[in-house]
Amino acid sequence: MSSNKPTIPDLPLQFCGKWNQKSYRVLRELGRGANGAVYLAAQGGVRRAVKVGAEGMDLLMEVNVLKSVQQGRDARVAPLVSDVDDLVINGKTFTFYAMEYLEGEQLDRYVKRMGTDWVPILMIQLLARLEILHRHGWVFGDLKPENVMVTHADKQVRLIDFGGVTKMGNAVRQFTEEYDRAAWQAGDRRADIAYDLFSLAVMAVRLSADPEMWKSRRQEPRQTSLLCDIIRNSDSLYPYRVSLVKALHGKYASAGEMRSEMLAIVRERTIGHRGKQASDSAGKLVGGLFVASLLLLAGTLYYAWMM
Ligand SMILES: Nc1ncnc2c1ncn2[C@@H]1O[C@H](COP(=O)(O)OP(=O)(O)OP(=O)(O)O)[C@@H](O)[C@H]1O
């Protein structure tokens, strides 16, 4: 949701932070939104994503959240912050922060390329990230595919754009109607764990549904029965229907609980699939997806067990 915040001018090709004196060479703009503009820049030979904010306080709140979840095992939740400073453009001071540049793909593009069978696995990874954020007392708020990246190197999901992160119990600061519990008439906009899990379930549906069908059904009133209908008719979501419907109805007390239930289904299906393959003498069913999903699952399980 946009508001009347001051616009951010383009960054100069080269700039230096006012207080920390780190100098940046701007390579290109990555994106622009309600809270600021994000640029790809080089600093000391390392590529960084630099976010410049229209409102210094909003940006500092984002930094605060990012820093609180970047210690030890929690480091994979979000990009690591490397600098927080001010810069002057045309005599006006703007706050910025530099963070790790994540080489990867937006979640929806990744699913489009790899196929919808990956959606449940990616949701399980995302639940691990949300669980950490929730443990720190924050709700992500504006959960949508555009705010999730899948990194090329380790195929792990990471949250980006912490502009909507809200302290538990407050009104959600930023949301997108398509994933918003209140817009679906399924609850209010108070930041609680169930708010994020609701958005995650809508996201799973949105990513798995045929884009044309999703577009056409968007004209219908937003009711969870529509989402349940799509889940029942989706091959990739059907096995996870109980978890997804529970999330849509706010039945989970934690992201960890939902993740455990979904993981149990993946495990069951993986073992079932292996059994089927063993009995298949030609072994022709050994597909790239199965092998690759095991590798990805291994990463997920490793992360799940390490926490
Ligand atoms: N750490 C990062 N690494 C790589 N790309 C990033 C990173 N952070 C942001 N981006 C890219 O920049 C785009 C814009 O980022 P982001 O959504 O955080 O900013 P914004 O749109 O200005 O935020 P907001 O919607 O809160 O105003 C993202 O869609 C993503 O493609």
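About the thresholds
Residues numbered from 1 in each chain as written. Predicted model: local features only at pLDDT ≥ 70, side-chain atom pairs only at ≥ 80, totals over all residues. Near = placed C-beta within 6 Å. Helix = DSSP H or I, 4+ residues; strand = E, 2+ residues; numbered from the N terminus. Nonpolar A, V, L, I, M, F, W, Y, C, P; charged D, E, K, R; others polar. Domains from an automatic or database assignment. Expected span 1.5 Å × (residues − 1). Buried ≥ 20, exposed ≤ 12 C-beta atoms within 10 Å, placed from the backbone. Contact = placed C-beta atoms within 7 Å. Axes fitted to C-alpha atoms, helices over the stretch in contact; angles between N-to-C directions. Parallel < 35°, antiparallel > 145°, perpendicular 65-115°, else oblique. Left-handed = near helix turned anticlockwise from the far one by under 90°.

Q: Is there a simple way to explain the site of the ligand in this structure?
A: For the ligand, the set of nearby residues contains 19 residues, the closest of which are Gly31, Gly33, Asn35, Asp161 and Gly163. Elements that contribute at least two residues to the shell around the ligand include exactly β2 (23-32), β3 (36-43) and β6 (92-100). Classifying every residue of the shell around the ligand gives ten nonpolar, five polar and four charged. Counting residues domain by domain, the shell around the ligand receives three or more from each of domain 1 (14-100) and domain 2 (104-306).

Q: Explanation requested: helix α4 (residues 193-208) in the structure shown.
A: Structurally, the α-helix is built with 3.6 residues per turn, so residues lying three or four positions apart point the same way. The end-to-end C-alpha distance of α4, which contains 16 residues, comes to 23 Å, matching closely the 22 Å that a straight helix rising 1.5 Å per residue would cover. Among the 16 residues that make up α4, 16 are buried, leaving the element largely enclosed by the rest of the structure.

Q: What is the right way to look at unusual backbone geometry in this model?
A: Excluding glycine, residues mostly have negative phi values, and the peptide bonds linking residues are mostly trans. Positioned with a positive phi, Gln21 is a non-glycine residue whose angle comes to about 60°. Tracing the chain through its elements places Gln21 in the loop between β1 (14-16) and β2. Taking the C-beta count within 10 Å as the criterion, Gln21 has 8 such neighbours and is therefore assigned exposed. Positive phi is not limited to glycine here, since Asn90 has a value of about 50°. Mapped onto the fold, Asn90 is located in the loop between β5 (81-89) and β6. Look at Asn90 and you get exposed, because 6 C-beta atoms sit within 10 Å.

Q: So what exactly am I meant to see when it comes to the domain arrangement of the protein chain here?
A: Considered domain by domain, the protein chain is made up of domain 1 (14-100) and domain 2 (104-306). Contact residues are listed per partner, giving 15 residues for domain 1 and 15 residues for domain 2. When grouped by side-chain class, the residues that make up the side of domain 1 that touches domain 2 number seven nonpolar, three polar and five charged.

Q: Help me understand the packing of helix α3 (residues 119-135) against α4 in this model?
A: When two helices pack together, you describe them by how their axes are tilted relative to each other and by the distance separating the axes. At their nearest, the axes of α3 and α4 sit 11 Å apart, and the two run at 160° to each other. As far as their axial angle goes, α4 and α3 are roughly antiparallel. Between α3 and α4 lies a crossing whose hand is right-handed. Where α3 abuts α4, its residues Val119, Met123, Leu126, Leu130 and His134 lie against Ile193, Asp196, Leu200, Ala204, Leu207 and Ser208. Partitioned by chemical class, the residues of the contact of α3 with α4 number eight nonpolar, two polar and one charged.

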